[in-house]
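# Overview (structure and organization)
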Amino acid sequence: MTDKASPSSEEKHTIRMQKLKEKVDARVDAATEERGILIVITGNGKGKSTSGFGTVTRAVGHGLKAGVAQFIKGTWDSGERNLLEKNGVVFHVMNTGFTWNTQDKTQDIEAATKVWAETKKMLADETIDLVLLDELTYMLSYKYLDLDEVIEAIVNRPVNQHVIVTGRACHRSLLELADTVSEVQPTKHAFNAGIKAQKGIDW
Ligand code: ATP
Ligand code: MG
């Protein structure tokens, strides 16, 4: 027998959802500021670059202008580059491949510095709405780029420009500066079960 006086679980759910909606609406009303944000996607799990490129795709789909700088990778076919370049996204890519392939630190620093010079131009360009700095974190941990210079360029970017930084072990100065930080956890990865990197999934 049901007790008419106490609300059913469906009614309880409706009340809970109504309360939640009120809270969310209040927070949405309170968020009135509009400006470019700095997003950091870090951690050891898979999904950092795909998240960055997903956001670039989202922005381009709204007619926004995006630019990409890719640090470290570049010697192999990249699905996102193949698609996004056709849609007006400018890419600046280090063409050295992984450092443990080249084993040439001087060459890597030179390549990083070249991409960084292009990155600084993007971070000063008011017509670019979103800049993705894919794998930038390694340039700071290897000290291939100067941390202060990177921070300065990000801080002084156009006020409405969004920036996304991806890569493992992000420097704490960038984490502190960021408006949004997500850490991807490696709960499981197919590679550890012997599955090869797959086209369209891993690159
Ligand atoms: P993705 O580009 O797939 O979003 P990511 O940017 O999070 O990956 P990176 O550290 O840049 O990760 O590594 C790039 C490559 O290494 C990708 O092919 C990805 O699938 C693979 N990878 C990422 N995380 C792991 C992991 N925890 N174990 C093994 N391989 C991984
Ligand atoms: Mg990545």
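Everything below is about the structure shown above.
The rules behind each value
Residue numbering note: each chain is counted from 1, following its sequence as written. The lettering of chains begins at A and the numbering of ligands begins at 1, in the order of writing. Given that this is a predicted model, residues contribute local features only at a pLDDT of at least 70 and side-chain atom pairs are listed and counted only at 80 or more, while totals for whole chains, interfaces and linings are drawn from all residues. Note that the side-chain values use all heavy atoms of the structure and ignore hydrogens as well as water. Secondary structure counts use DSSP, requiring at least four H or I residues in a row for a helix and at least two E residues in a row for a strand, with both numbered from the N terminus. Classification of residues uses two cut-offs on accessible area relative to the type maximum, computed with a 1.4 Å probe and protein chains only: under 20% is buried, over 50% is exposed, and between them is partly exposed. Contacts were defined at the residue level, with two residues in contact if any of their heavy atoms lie within 4.5 Å. Calculation of accessible area relied on Shrake-Rupley with a 1.4 Å probe; when residues are assessed, cover is drawn exclusively from the protein chains displayed. We treat Lys and Arg as the positive residues and Asp and Glu as the negative residues; His and chain ends play no part in the count. Working definition for charges: the position is that of NZ of Lys, CZ of Arg, CG of Asp or CD of Glu. Note that water is not among the atoms used; donors are N, O and S atoms within 2.8 Å of the metal (3.2 Å for Na, K and Ca), so sites may look incomplete. By convention in these notes, a residue is near a molecule or strand provided one of its non-hydrogen atoms lies within 4 Å of it. Each polar contact in these results corresponds to two N or O atoms within 3.5 Å; when the atoms are within protein, one needs to be able to donate a hydrogen and the other to accept it, and residues that are neighboring in sequence are counted only if both atoms are side-chain atoms. Residue types Ala, Val, Leu, Ile, Met, Phe, Trp, Tyr and Cys, when buried and joined through side-chain atoms within 4.5 Å, form a set referred to as a nonpolar core. One fewer than the residue count of a helix, multiplied by 1.5 Å, yields its expected span. Working definition: rings of Phe, Tyr and Trp (its six-membered ring) pair if their centres are within 6.5 Å, and the pair is stacked with planes under 30 degrees apart, edge-to-face with planes over 60 apart, and tilted otherwise. By definition, two strands form a pair when at least two bridges between them are found by DSSP. For helices, the fitted line uses only the C-alpha atoms of the stretch in contact; every axis is such a line through C-alpha atoms, and the angle between N-to-C directions lies from 0 to 180 degrees.

### What about the overall build of the chain?
Along the backbone of the chain there are eight helices and six strands. Counting helices and strands in the order they occur from the N terminus, the chain gives α-β-α-β-α-β-α-α-β-α-α-β-α-β. By principal-axis analysis of the C-alpha atoms, the chain measures approximately 80 × 45 × 35 Å. Burial statistics for the chain: of 203 residues in total, 35% are counted as buried. Within the chain, residue pairs in contact and separated by at least 24 positions form 74% of the contacts whose partners lie at least 6 positions apart. Here the chain displays about 13,000 Å² of accessible surface, and carbon together with sulfur accounts for 52% of that area. For the chain, the separation between the mean place of its 26 positive charges and that of its 28 negative charges on side chains is 6 Å.

### A look at the coordination of the magnesium ion (ligand 2)
Listed as protein donors to the magnesium ion (ligand 2) are Ser49 (OG) and Glu135 (OE); their distances from the metal cover 2.1 Å. On the criterion of sequence distance, the pair formed by Ser49 in helix α2 (residues 48-61) and Glu135 in the loop between β4 (130-134) and α6 (136-141) is long-range, its members being 86 residues apart. Relative accessible area serves as the criterion here: at 18%, Ser49 is assigned to the buried category.

### Thoughts on the environment of Trp116
On the secondary structure map, Trp116 appears in helix α5 (residues 105-122). Along the sequence, Trp116 and Gly54 sit 62 residues apart, while their C-alpha atoms lie 22 Å from each other. Apart from residues no more than four positions distant in its own chain, Trp116 is found in contact with Phe71, Leu123, Leu145, Glu149, Val150 and Ala153.

### Focus: the site of ligand 1
Near ligand 1 lie 15 residues; those nearest to it are Lys46, Gly47, Lys48, Thr50 and Asp202. Gly45 places a main-chain nitrogen or oxygen 3.2 Å from an oxygen atom of ligand 1. In this structure, an oxygen atom belonging to ligand 1 sits 2.9 Å away from a main-chain N or O atom of Ser49.

### So, the nonpolar core
Within the largest apolar cluster, 30 residues are counted, with the highest numbers of intra-cluster contacts made by Phe71, Leu133, Leu136, Met139, Leu145, Val165 and Leu174. Among the secondary structure elements, those contributing two or more residues to this core are β1 (38-42), α5, β4, α6, α7 (147-155) and β5 (162-166). With five residues, the single largest contributor to this core is α5. Phe71 has contacts with Met94, Ala112, Val115, Trp116, Thr119, Asp134, Glu135, Leu136, Met139 and Leu145, leaving out every residue within four places of it along the chain. Membership of the second largest hydrophobic core comes to 16 residues, among which are Ala66, Leu84, Phe91 and Val93.

### Notes on unusual backbone geometry
A positive phi angle, near 60 degrees, is found at Lys143, a position not held by glycine. Relative to the elements of secondary structure, Lys143 occurs in the loop between α6 and α7. Residue classification places Lys143 among the exposed positions, given a relative accessible area of 69%.

### Brief notes about helix α1 (residues 9-30)
End to end, α1 covers 31 Å across 22 residues, agreeing with the expected 32 Å (1.5 Å per residue, within 8%). Of all the 22 residues making up α1, zero are buried; the element is thus mostly uncovered.

### Overview of the packing of aromatic side chains
Taken as a whole and assessed by the stated rule, the structure comprises three aromatic pairs. Here Tyr138 and Tyr142 contribute two aromatic rings whose centre-to-centre distance is 6.3 Å and whose plane-to-plane angle is 40 degrees, an arrangement assigned as tilted. You can call Tyr138 buried: its relative accessible area is 17%. Among the aromatic residues, ring-to-ring pairing joins Tyr138, Tyr142 and Tyr144 into one connected group.

### Some remarks on the side chain of Gln161
Of note, Gln161 is situated in the loop between α7 and β5. Filtering out sequence-adjacent residues up to four positions away, Gln161 remains in contact with Gly36, Ile37, Met122, Leu123, Asp125, Ile128, Asp129 and Val131.

### Section: the sheet that holds β5
Strand pairing in a sheet takes place through backbone hydrogen bonds and is either antiparallel or parallel in direction. The parallel open sheet is built from six strands, whose spatial order is β3-β2-β4-β5-β1-β6. Every interior strand has two partners, whereas the edge strands, β3 (90-93) and β6 (180-183), have only one. The mean inter-strand angle of the sheet, taken between neighbouring strand axes irrespective of direction, is 10 degrees. Contacts between α2 and the sheet are confined to β1, β2 (66-70), β3, β4 and β5, with β4 contributing the most and set at about 165 degrees to the helix. Along the sheet face, α5 touches β2, β3 and β4 and points at about 160 degrees away from the line of β2.

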